[in-house]
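Close look at the chain arrangement
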Amino acid sequence: MKFTALALPGTFLIEPELIEDERGFFARSFCSEEFKQQGISPHFVQCNISFNKKKNTLRGMHFQTGDKGEDKLIRCTMGAIYDVLIDLRPDSKTYKQWIAIELSGKNRKMLYVPKGLAHGFQTLEDHSEVFYQMSALFAPGFAGGVRWDDPAFGIKWPTAYPEVISDKDKSYQNFS
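Here's a quick rundown of the structure.

Rules and cut-offs
Residues numbered from 1 in each chain as written. Predicted model: local features only at pLDDT ≥ 70, side-chain atom pairs only at ≥ 80, totals over all residues. Heavy atoms only, no water. 1 Å grid on protein atoms, 1.4 Å probe; cavity = no way out; pocket = protein on both sides within 12 Å on 5 of 7 lines; lining within 4 Å. Points joined across faces, edges and corners; volume = space filled by probe spheres on them. Nonpolar A, V, L, I, M, F, W, Y, C, P; charged D, E, K, R; others polar. Patch = residues over 30% accessible without salt bridge, like charges linked within 9 Å, V, L, I, M, F, W, Y side chains within 5 Å. Areas by Shrake-Rupley, 256 points an atom, 1.4 Å probe, with all protein chains shown as cover. Salt bridge = Lys/Arg side-chain N within 4 Å of Asp/Glu carboxyl O. Lys, Arg positive; Asp, Glu negative; His and termini not counted. Charge placed at Lys NZ, Arg CZ, Asp CG, Glu CD. Helix = DSSP H or I, 4+ residues; strand = E, 2+ residues; numbered from the N terminus. Buried < 20%, exposed > 50% of the residue type's maximum accessible area, 1.4 Å probe, protein only. Pairing = 2+ DSSP bridges. Axes fitted to C-alpha atoms, helices over the stretch in contact; angles between N-to-C directions. Disulfide = S-S within 2.5 Å.

**Notes on empty space enclosed by the protein**
According to the stated counting rule, one finds 1 cavity of 30 Å³ or more in the structure shown. Taken as a whole, the largest cavity encloses approximately 40 Å³ of empty space. Lining the largest cavity, in full, are Phe63, Gln64, Glu70, Lys72, Val113, Pro114, Lys115, Gly116 and Leu117. For the lining of the largest cavity, the residue count by class is 4 nonpolar, 2 polar and 3 charged.

**Considering a negative patch on the surface**
On the surface, Glu102, Glu125, Asp126 and Glu163 cluster together into a patch of negative charge. Within the element layout of this structure, glutamate 163 appears in the loop between β13 (143-145) and β14 (164-165). The class of glutamate 163 is exposed, set by a relative accessible area of 62%.

**Some points on the pattern of salt bridges**
Under the counting rule described, the total for this entry stands at 7 salt bridges. Notably, a salt bridge pairs glutamate 33 with lysine 36, separated by 3.5 Å at the nearest N-O pair. In this pair, glutamate 33 and lysine 36 both sit in helix α1 (residues 32-37), 3 residues apart, roughly one turn of the helix. For lysine 36, a relative accessible area of 47% gives the class partly exposed. Residues aspartate 87 and arginine 89 are paired through a salt bridge, measuring 2.9 Å at the closest nitrogen-oxygen approach. On the basis of relative accessible area, aspartate 87 is assigned to the buried category, the value being 0%.

**Re a nonpolar patch on the surface**
On the surface, Ile49, Phe51 and Met78 cluster together into a nonpolar patch covering about 280 Å² of accessible area. Summarising the element assignment, isoleucine 49 is placed in strand β5 (residues 46-52). Overall, isoleucine 49 belongs to the exposed group, its relative accessible area being 58%.

**A word on the environment of aspartate 167**
Note that aspartate 167 resides in helix α2 (residues 167-171). Residues aspartate 167 and glutamate 129 lie 38 residues apart in sequence; the distance between their C-alpha atoms is 20 Å.

**Let's talk about the layout of surface pockets**
Approximately 520 Å³ is the volume attributed to the largest pocket. The wall of the largest pocket is formed by 28 residues, among which Ser50, Arg59, His62, Tyr132 and Phe138 lie closest to the centre. When residues of the lining of the largest pocket are traced back to their parent elements, those giving at least two are β5, β6 (57-64), β11 (117-123), β12 (128-134), β13, β14 and α2. A breakdown of the residues in the lining of the largest pocket according to their chemical character gives 11 nonpolar, 11 polar and 6 charged.

**Thoughts on the sheet that holds β5**
On the basis of which strands lie adjacent, the open sheet formed by 6 strands has the order β1-β2-β10-β7-β12-β5 and antiparallel pairing. The open sheet has two free edges, formed respectively by β1 (2-5) and β5, since each of these has just one partner strand. Taken over all neighbouring pairs, the strand axes of this sheet differ in orientation by 20° on average, direction set aside. Bridge count for strand β7 (residues 72-78) against β12 is 6 bridges, and the pairing is antiparallel. Counted as the bridge partner of lysine 72 is methionine 134 from β12.

**A few points about the state of the cysteines**
Evaluation of the coordinates by the stated rule reveals 0 disulfides. With no disulfide of its own, cysteine 76 lies closest to cysteine 47 among cysteine sulfurs, the gap being 16 Å.

Interpretation in functional terms is not warranted from these geometric data alone.
Given below as structure tokens:
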């Protein structure tokens, strides 16, 4: 696997190295030793799938707080998404900065997201599916979010307003 450190400390773009032949290809999508070599925790306790029927669906910006914070390994297994991370770690040199990466079933790229970052995405195609590996169990009392369109972050989304967004995600307050 190829690990590329991204602009937010502790975040990585991970690309499988394809071994191709006439049958197709073989690739490793996870190896605890390779993760450890990059200083990434390979400990995951829960996996989730998010299936999104329509293009221009927005989910986010989500996180868990305190000792329930979670590292995430995110991959789009079908369709395509514009995946966004916001650094919410007050002591980070990139506090309140964001990055975005396109993940798709075709490019097979993954994002490693450490605790302390908010995560969300906008679908770029109908029938987009996202697979998450989580380092902590979902803890509703520790779940939080910030607005996807909060001017404190200035995220540049592919479209100005999503067609589909949950009432919960619309109800998050500005970060201030």
